[in-house]
Every structure is written in C-alpha cells, then in structure tokens.
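Coordinates in review
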Amino acid sequence: HESVRRTVLWYLLQGGRHIDTADLYLNHQPIGNAIREAMDKGIPRSEIFVTTKIFPRHYGKESGTKMVQKFLNELGLEYIDLVLMHQPSTFPLLHSDCKVQKLSQEECRRETW
C-alpha cells in the first residue's frame, strides 16, 4: 500500500487531478492518505476528482448506501465526487440485496442509485 500512496501523491503533486479507484482494488486507504498529504501541501480538495465503484455483491439501496459510507471512512474524505456501479449487473450466483428482494437487473440498478 505504501507504493500506492507514494504514486498517487506524486501524481497529484505533478498536476494530476482525477483518481479512479474501486472497492475491488483494496486501495482506498492509501489513496485517501495520499489525497490528504497533497491537501496538506496546498492542493485544494475541490480540485481533486475522486471516482470509486460499488461491486455487484453490494448492489441495492441499503447495501449501496452502507458501502458509500465505508468508502468515505476508508478514504478519510468528506465526499466522493462520483460513485459508479462496477458493472451493469450482478453475477447469477452472487448474493446481493437485489437477489434477496427478487429484483430484476433493471430494478436492481435503479434501487442501487
């Protein structure tokens, strides 16, 4: 994780401003650490655009909401600029809130957002 933190910090200090991550990548904490370090060095948070993604297992309103809070805690940020669904549908055998509620893929996408 140290290499992720150093690389993201270097990227931000060189002028990069868009961070694209996901729960699946398991790197929210080092990315958040790098963002906060960059902010300490004078880069405004408002200039850094952070995108992350929810894995299909967590699709659904309740689970999706919990995951966003988890991402905020892991990143150590007050907000995330963009949260995406990692892919358009869940896997057939993957447990999710949508499967428990017997929602169609379309209903599941709407429920998640």
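Quick caveat, the model's predicted, so the values are computed rather than measured.

Moving on to the pattern of salt bridges. By the definition in use, this model includes eight salt bridges. Measuring nitrogen to oxygen at the nearest pair gives 3.1 Å for the salt bridge that ties Asp81 to Arg45. You can see Asp81 sitting in the loop between helix H3 (61-75) and strand E3 (82-85) and its partner Arg45 sitting in the loop between helix H2 (28-40) and strand E2 (49-54), a full 36 residues away along the chain. Since its relative accessible area comes to 28%, Asp81 is described here as partly exposed. In this structure, Glu74 engages Lys70 in a salt bridge whose closest nitrogen and oxygen atoms are separated by 2.7 Å. Of this pair, Glu74 and Lys70 both sit in helix H3, four residues apart, which is roughly one turn of that helix.

The next thing to look at is the packing of aromatic side chains. The relative placement of two aromatic rings is captured by the distance of their centres and the angle of their planes. Taken as a whole and assessed by the stated rule, the structure comprises zero aromatic pairs. Taking the ring centre of Tyr79 as reference, the NZ or CZ of Arg45 above it sits at 4.0 Å.

A few words now on a nonpolar patch on the surface. Together, Phe49, Leu82, Leu84 and Trp113 make up an exposed nonpolar region whose accessible area comes to about 390 Å². Considering the arrangement of structural elements, one finds Phe49 in strand E2.

Within E2, five of the six residues are buried, which leaves it mostly tucked inside the rest of the structure. Bridge count between strand E1 (residues 18-20) and E2: three bridges; the pairing is parallel. Pairing of Asp20 across the sheet is with Thr51, part of E2. Note that the unit made of E1, H2 and E2 has a crossover that is right-handed. Relative to E3, E2 is paired through four bridges, and the arrangement is parallel. Along E3, the bridge assignment pairs Thr51 with Leu82. Regarding the hand of the β-α-β motif, the stretch spanning E2, H3 and E3 is right-handed.

Scoring rules and cut-offs
Residues numbered from 1 in each chain as written. Predicted model: local features only at pLDDT ≥ 70, side-chain atom pairs only at ≥ 80, totals over all residues. Heavy atoms only, no water. Salt bridge = Lys/Arg side-chain N within 4 Å of Asp/Glu carboxyl O. Helix = DSSP H or I, 4+ residues; strand = E, 2+ residues; numbered from the N terminus. Buried < 20%, exposed > 50% of the residue type's maximum accessible area, 1.4 Å probe, protein only. Phe/Tyr/Trp six-rings, centres within 6.5 Å; stacked < 30°, edge-to-face > 60°. Lys NZ or Arg CZ within 6 Å of the ring centre and 35° of its normal. Patch = residues over 30% accessible without salt bridge, like charges linked within 9 Å, V, L, I, M, F, W, Y side chains within 5 Å. Areas by Shrake-Rupley, 256 points an atom, 1.4 Å probe, with all protein chains shown as cover. Pairing = 2+ DSSP bridges. Right-handed = clockwise from strand over helix to strand, strands pointing away.

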